[in-house]
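Each chain, written out:
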Amino acid sequence: MNIVIIGSGNVAAVLGRKFVAAGHHIVQILSRNASAASDLAYEWNTESANYSSLINKDADVYIIAVADDAIVDVANDLRLPGKVVAHTAAAVKMDALKEVTDNYGVFYPLQSLRKEQEQIPEIPIYIEGVNEQTKNVLNKLARSVYKEASFSADFDKRTKLHIGAVLVNNFSNHIFSLAETYCKKEGIEFAELLPLIDNTFYRLHDAAPSSLQTGPAARGDMETINKHRALLDKHPQLLKLYEFLTESILGQPLKQLD
């Protein structure tokens, strides 16, 4: 397919690389960030533009990969009658594109993406389309970059998936960041925890998370918990998080057990 990508951030860059690897042709990068668009255009041997009036109107598919709160503004400047146009956001309804074309939809990648990644991960794609033509085109494009399958997801399902994604990816990574800061302050190498981190995630392929919980809270070991709380007294933000998660695992407030 001939594809125009609107946006030049993480999602635009990684999806673009997946499209190129699958044999598609990126005919244009359109972005307000002229420098970032130029860099991607150079990488893919194509052209870039930073004004919507200069958009290439001969592509098969237009992918809007911008921040959620920018999608409406982008849509307001686009008129692509008859073309298949989709945004990549989980938490934005596809109707945000209804004035752009009759063939609008969503092409949502359920993955944490960064343009600096050397190895591109597998990217499950969830699609929604206003009509069969749009669904068929987006499904074909999705299956070209994720061989296992493409998935259908309306706004309600995408939003729920997005909450799950925030919990397992964004929040877990924030905990890793807090742990890294703690390790630095305490003279510990964060890298020493990597085998544990790797095993924690690897086990999820074979068992439910609820069956894998270990640690002092799972054992009801208040002696160890209180030792940890005392040591974390000089790390108030981390102590607050430790106590909140400990109470969640215990199923009751710590004050009832002190």
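Look up: the structure comes first, before these words.
Residues numbered from 1 in each chain as written. Predicted model: local features only at pLDDT ≥ 70, side-chain atom pairs only at ≥ 80, totals over all residues. Heavy atoms only, no water.

Enquirer: I tried to follow the overall build of the protein on my own but got confused; where do I start?
Expert: Along the protein, the regular secondary structure elements total nine helices and eight strands. C-alpha extents for the protein along the principal axes are approximately 70 × 35 × 30 Å. The buried share of the protein, reckoned over its 258 residues, is 38%. In the protein, once contacts between residues fewer than 6 apart in sequence are set aside, the share between residues at least 24 apart is 54%. (Helix = DSSP H or I, 4+ residues; strand = E, 2+ residues; numbered from the N terminus. Buried < 20%, exposed > 50% of the residue type's maximum accessible area, 1.4 Å probe, protein only. Contact = heavy atoms within 4.5 Å.)

Enquirer: What am I meant to see in unusual backbone geometry here?
Expert: Across the chain, the bulk of peptide bonds are trans and the bulk of non-glycine residues have phi less than zero. Phi is positive for Asn45, close to 55°, though the residue is something other than glycine. Note on Asn45: relative accessible area 71%, which makes it exposed.

Enquirer: Before we go on, may I ask you to explain the environment of Asp68 in this structure?
Expert: With respect to the helices and strands, Asp68 occurs in the loop between strand E4 (61-64) and helix H3 (71-76). By relative accessible area, which is 36% here, Asp68 ends up partly exposed. Separated by 66 residues in sequence, Asp68 and Thr134 have C-alpha atoms that sit 21 Å apart. Beyond its immediate stretch of four places on either side in the chain, Asp68 contacts Ala89, Ala91 and Val92.

Enquirer: Before we go on, may I ask you to explain a nonpolar patch on the surface in this structure?
Expert: On the surface, a cluster of nonpolar side chains totalling about 420 Å² of accessible area is made up of Ile163, Leu167, Val168 and Phe171. Examined against the element boundaries, Val168 turns out to sit in helix H5 (residues 155-186). (Patch = residues over 30% accessible without salt bridge, like charges linked within 9 Å, V, L, I, M, F, W, Y side chains within 5 Å. Areas by Shrake-Rupley, 256 points an atom, 1.4 Å probe, with all protein chains shown as cover. Salt bridge = Lys/Arg side-chain N within 4 Å of Asp/Glu carboxyl O.)

Enquirer: Got a minute to help me understand the packing of helix H8 (residues 222-231) against helix H9 (residues 236-250) in this structure?
Expert: For any two helices packed against each other, one specifies the inter-axial angle together with the distance between the axes. Running from N to C, H8 and H9 point in directions that differ by 165°, and their axes come no closer than 10 Å. On the basis of their axis angle, the class for H8 and H9 is roughly antiparallel. For the element pair H8 and H9, the recorded crossing hand is left-handed. For the pair H8 and H9, contact is made by Met222, Ile225, His228 and Arg229 and by Leu239, Tyr242, Glu243, Thr246 and Leu250, respectively. For the contact of H8 with H9, the class distribution of residues is five nonpolar, two polar and two charged. (Axes fitted to C-alpha atoms, helices over the stretch in contact; angles between N-to-C directions. Parallel < 35°, antiparallel > 145°, perpendicular 65-115°, else oblique. Left-handed = near helix turned anticlockwise from the far one by under 90°. Nonpolar A, V, L, I, M, F, W, Y, C, P; charged D, E, K, R; others polar.)

Enquirer: Explain the side chain of Thr101 here, please?
Expert: The topology assignment puts Thr101 in the loop between strand E5 (84-87) and strand E6 (103-109). The contact partners of Thr101, leaving out residues within four places of it in the chain, are Leu80, Pro81, Gly82, Lys83 and Val85.

Enquirer: What should I look at first to understand the pairing of strand E1 (residues 2-6) in this one?
Expert: Look at any regular strand and the pattern is simple: side chains alternate between the two faces of the sheet. A large share of E1 lies buried, amounting to four of its five residues. Strand direction decides the pairing type here: E1 and strand E2 (residues 25-30), joined by five bridges, are parallel. Bridge assignment links Val4 to a residue of E2, and that residue is Gln28. In this view, the connection linking E1 to its parallel neighbour E2 by way of helix H1 (residues 10-21) has right-handed handedness. The sheet contact formed by E1 and E4 spans four bridges and is parallel. Paired with Ile3 across the bridge in E4 is Val61. (Pairing = 2+ DSSP bridges. Right-handed = clockwise from strand over helix to strand, strands pointing away.)

Enquirer: Teacher, can you tell me more about the packing of aromatic side chains here?
Expert: Geometry of an aromatic ring pair is reported as the spacing of the ring centres plus the angle between the planes. Following the criterion strictly, the structure yields five aromatic pairs and no others. Between the aromatic rings of Phe176 and Phe201, the centroid separation amounts to 6.0 Å while the plane-to-plane angle is 70°, which identifies the pairing as edge-to-face. Here Phe201 lies in helix H6 (residues 194-202) and Phe176 lies in helix H5, a separation of 25 residues in the sequence. A residue is classified by how much of its surface remains accessible, and Phe201, at 36% relative accessible area, is partly exposed. Three or more aromatic residues joined by ring pairs make a cluster, and in this case those are Tyr108, Tyr126, Tyr146 and Phe151. (Phe/Tyr/Trp six-rings, centres within 6.5 Å; stacked < 30°, edge-to-face > 60°.)

Enquirer: Teacher, can you tell me more about the side chain of Thr134 here?
Expert: Considering the arrangement of structural elements, one finds Thr134 in helix H4 (residues 132-145). For Thr134, a relative accessible area of 0% translates into the label buried. Leave out the neighbours within four places in its chain, and Thr134 touches Val84, Asn103, Tyr104, Gly105 and Gly129.

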